[in-house]
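# Architecture and fold: a report
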Amino acid sequence: MPFAKCPNCGQSFHLHIKGVPVWPDEPNGEKEMLCPGCWIDPQVGHQVYFIREKPIKFDPEDLGVVIEKIMGAEQETPIRHIQFVDGRIELLTRDKIYVDLKHHNSTTR
């Protein structure tokens, strides 16, 4: 079975790949690639987790909602204001955000 490891959050995950004859090159080896929770572009309203450590641990206090996406000429990628369940608001870069896939799939069409 093909597995990959996310360089952003540190999780290992299973890949479903069609038409690829050999994966990976080494037996029991893992490729590095972003997992869905780390490559989805977080938008306002998405529930997300703050990545404090790798591999990510989904602690309830690290759950929040994107309340603002800030684009700026001086930065390569947007940064986001996240409001957490305890009320605090933090400004985070994409590499510190994991999109909560359970809620993402139910809110997108």
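For the structure itself, consult the block above.
To start, this report covers the structure provided alongside it. Starting afresh in each chain, residues are numbered from 1 along the sequence in its written order. With the structure being a predicted model, the display of local features is reserved for residues of pLDDT at least 70 and the display and counting of side-chain atom pairs for 80 or more, all residues being used for whole-chain, interface and lining totals. In computing side-chain properties, one takes all heavy atoms of the structure into account and sets aside hydrogens as well as water.

We now examine the packing of aromatic side chains. Only Phe, Tyr and Trp rings are paired, with Trp represented by its six-membered ring, and only when their centres lie within 6.5 Å; those with planes under 30 degrees apart are stacked, over 60 edge-to-face, the remainder tilted. The full count for this structure, using the stated rule, is 3 aromatic pairs. Ring geometry for Phe50 against Phe84: centres 6.1 Å apart, planes inclined by 45°, an arrangement best described as tilted. Here the residue Phe50 occupies a position in strand E4 (residues 47-50), and Phe84 occupies one in strand E6 (residues 79-84), the gap between them amounting to 34 residues. Burial status follows relative accessibility: with a 1.4 Å probe on protein chains alone, a residue under 20% of its type maximum counts as buried, one over 50% as exposed, and anything between as partly exposed. Given the relative accessible area of 11%, Phe50 is considered buried. Taking relative accessible area as the criterion, Phe84 reaches 3% and is therefore assigned buried. Pairwise contacts between aromatic rings join Tyr49, Phe58 and Tyr98 into one cluster. Put simply, DSSP marks the helices as runs of H or I at least four residues long and the strands as runs of E at least two long, and each gets a number from the N terminus on.

Moving on, we come to the side chain of Arg80. Looking at where Arg80 falls in the secondary structure, it is placed in strand E6. The exposure class of Arg80 is buried, given its relative accessible area of 1%. From its side chain, Arg80 meets the backbone oxygen of Pro42 in a polar contact 3.0 Å long. Setting aside residues no more than four positions away along its own chain, Arg80 makes contact with Asp41, Pro42, Val66, Glu68, Lys69, Glu90, Leu91, Leu92, Arg94 and Ile97. Two N or O atoms count as a polar contact when they lie within 3.5 Å, although within protein this holds only if one can serve as hydrogen donor and the other as acceptor, and sequence-adjacent residues are included solely when both atoms are side-chain atoms. Contact criterion: two residues are considered in contact whenever any of their non-hydrogen atoms come within 4.5 Å of each other.

Moving on to empty space enclosed by the protein. Using a grid of 1 Å spacing that covers the protein atoms alone, one calls a set of points a cavity when a 1.4 Å probe fits there but cannot get out, and a pocket when the set is open and has protein on both sides within 12 Å along at least five of seven lines; lining residues are those with an atom within 4 Å of a point. Grid points are joined across faces, edges and corners, and a volume is the space filled by probe spheres set on the points. Applying the stated criterion to the full structure yields 1 cavity of 30 Å³ or more. In this model, the largest cavity occupies a volume close to 40 Å³. Looking at the largest cavity, the residues that line it are Phe50, Ile51, Arg52, Glu53, Ile56, Lys57, Asp59 and Asp62. Classification convention: Asp, Glu, Lys, Arg as charged; Ala, Val, Leu, Ile, Met, Phe, Trp, Tyr, Cys, Pro as nonpolar; all other residues, Gly among them, as polar. The residue makeup of the lining of the largest cavity, split by class, is 3 nonpolar, no polar and 5 charged.

Residues in a regular strand project their side chains so that they alternate between the two faces of the sheet. Paired strands, in this sense, are two strands between which DSSP finds at least two bridges. Pairing analysis gives 4 bridges linking E6 to strand E7 (residues 89-92), with the strands arranged antiparallel. In the sheet register, Arg80 faces E7, and the bridge partner there is Leu92. Counted along the chain from E6 to the antiparallel partner E7, the turn is 4 residues long, and its residue Gly87 has a positive phi close to 100°.

For the rest of this paragraph, the subject is the sheet that holds strand E3 (residues 31-32). Strand order in the open sheet formed by 3 strands is E2-E1-E3, and the pairing between neighbours is mixed. Pairing within the sheet leaves two strands with one partner each, and these edge strands are strand E2 (12-14) and E3. Note: strand E1 (residues 3-5) against E2, 3 bridges, orientation antiparallel. Within the sheet, the bridge partner assigned to Phe3 lies in E2 and is His14.

What follows is about the sheet that holds E6. Reading across the sheet, the 5 strands line up as E7-E6-E5-E4-E8 and stay open at both edges, with antiparallel pairing between neighbours. Two strands in the sheet have a free side with no partner beyond their single neighbour: E7 and strand E8 (97-99). Ignoring strand direction, the axes of neighbouring strands in this sheet form an average angle of 45°. The pairing of strand E5 (residues 63-70) with E6 spans 6 bridges and is antiparallel. In the strand pairing of E6, Gly64 is matched with Phe84. Axis definition: a line fitted to C-alpha atoms, limited for helices to the stretch in contact. Angles are taken between N-to-C directions and run from 0 to 180 degrees.

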